[in-house]
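Listed below are the residues making up each chain.
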Amino acid sequence: MANLGKTDMFKAFRSFNYTLYFWGRSVSQFGTWMQRTAVVWVVYSMTHSTFMLGLTIFAEQFPSFLFSVAGGIAADRYERYQIIRITQILSMIQASLLAVLVMTGHFVIWEILVLSMILGVINAFDVPARQAMIHEVLYEETDLPSALSLTSATASLAKLLGPALSGIVLEKFGAGVCFLLNAASFGAVMVSLMFMKLPAYVPKNIKKKAITELKEGFNYIIKTPTIGLVILMLSIICLLVMPYDTLVPVYAKVIFKGNAATFGYITSFIGIGAVCGTIVLTSLKKDANLKRHLLVSTVILGIGLIAFSQSGNLLIALLFAAIAGFGTVAQGTLSNIIVQSECAPEMRGRVISILIMALFGMLPLGSLLVGFVSQKIGAPNTMLCQGLIGLLVAAVFFRLLRVRVAGNPKLIADETEEEIIEKI
């Protein structure tokens, strides 16, 4: 995040283990975005219902919310390496089952929803272990900003190219091939894990009950206002603003009279904005106020959605889709860096799981809400409201931050990234 030169930006690659982690996850993320794009397109093509789009996203993400705390506790208690190996195998099986169902033509909506729910449960254990494992594969803790920025950049690039590639494959070969490619992509993670050179795992002496550790995680967040405030803001944004992607298929097929390729183009331009956002984040100065940039990214997201919602021309809409993507990735990346940098190592798995709860809990509920509301007032008006809410949240967050600082300046000071890293 701090005025990173080429050496600083890529210094996480000094770690052989992180390099393997990076490339394995990169391939897998491309496959993941291809599958996500294909699933929502199949569902919308069958039902032509925005509510069913919301329900599909809800089916995948809400189980992650329900089980994310269990996943966080597991990541703190057990060997993360083994947890990730198991989740990759299960994810490969899930994608393969989707491919078989679609390619044989013997499937109904409820089967896709059930498989999406299974994937949500898998992700609840995969994501906390994967995020916490970043610290284990680095040579030094000071490489954390580099590692998180590179990981975010890869996710943004996958969001850019994955849907575009999926749109082409959908048109030429069908959704089943997208699912097969995703199943194959999990093999890259398994190969990278196989070649990692990690110290022998020492089992932890677990004396506390899981419920006790869960309470400790929430108490820690309450007593650490910087983390609590960021997670609160992210929860609201994920519920009311970020589910705008639920409406993208409607814009592609109904408003712009397009096809699967059009859907892929819109999603890819959101990815272009995400990539640009990552580049900007890695060029911030050393004394950058991360919370202020989080606030600005919320404003950018709101403006992008307002403009996109009122665009009747596809080319113009693509520009505003990129702006929305910029604000989206900045939100997620800044929240992740602030939370992980401020968090104590022994609490990291549980705090990350609570951050994931904000994402996987609020996003699916928001998708259902957006799908329902758009049935009543239409997709353009719904997205317009989301953009306006984004601006309102930015104003409220700014107000809360000022009140917090006024009440106790030591709780949330304008810290530089170097000062934050020194606390780890």
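Residues numbered from 1 in each chain as written. Predicted model: local features only at pLDDT ≥ 70, side-chain atom pairs only at ≥ 80, totals over all residues. Heavy atoms only, no water.

By the naming in an unreviewed UniProt entry, the chain goes by Transmembrane secretion effector and is assigned to Mucilaginibacter gracilis. Within the UniProt record for the chain, the comment given under Subcellular location (unreviewed entry) is "Cell membrane". (UniProt positions renumbered as here; feature names shortened; annotations may be inferred.)

(A) Representation of the packing of aromatic side chains in the model. Applying the stated rule across the entire model yields nine aromatic pairs. Taking the centre distance of 5.0 Å and the plane angle of 85° together, the rings of Phe13 and Phe22 count as edge-to-face. The exposure class assigned to Phe22 is buried, which follows from its relative accessible area of 12%. A ring pair is formed by Trp41 and Phe263, whose centres lie 5.6 Å apart and whose planes are at 20°; its orientation type is stacked. Note that Trp41 is positioned in helix 2 (residues 16-47) and Phe263 in helix 11 (residues 260-281), a separation of 222 residues in sequence. No difference in accessibility class separates Trp41 from Phe263, as the two residues are buried. (Phe/Tyr/Trp six-rings, centres within 6.5 Å; stacked < 30°, edge-to-face > 60°. Buried < 20%, exposed > 50% of the residue type's maximum accessible area, 1.4 Å probe, protein only. Helix = DSSP H or I, 4+ residues; strand = E, 2+ residues; numbered from the N terminus.)

(B) Structural view of unusual backbone geometry. Notably, His48 is not glycine yet its phi reads approximately 55°, a positive angle. Accessibility expressed as a relative area gives 52% for His48, which makes it exposed. Although it is not a glycine, Lys257 sits at a positive phi angle of roughly 55°. Mapped onto the fold, Lys257 is located in the loop between helix 10 (248-255) and helix 11. The class for Lys257 is exposed, based on a relative accessible area of 68%.

(C) Expanded view of the nonpolar core. Counting 98 residues, the largest nonpolar core has Tyr18 and Ile266 as its most contacted members. With 12 residues, helix 2 is the largest single contributor of residues to this core. A domain split of this core shows at least three residues from each of domain 1 (11-199) and domain 2 (207-423). If sequence neighbours within four positions are ignored, Tyr18 has contacts with Ala12, Phe13, Val137, Leu138, Ala147, Leu150 and Thr151. (Core = buried A, V, L, I, M, F, W, Y, C linked by side-chain atoms within 4.5 Å. Domains from an automatic or database assignment. Contact = heavy atoms within 4.5 Å.)

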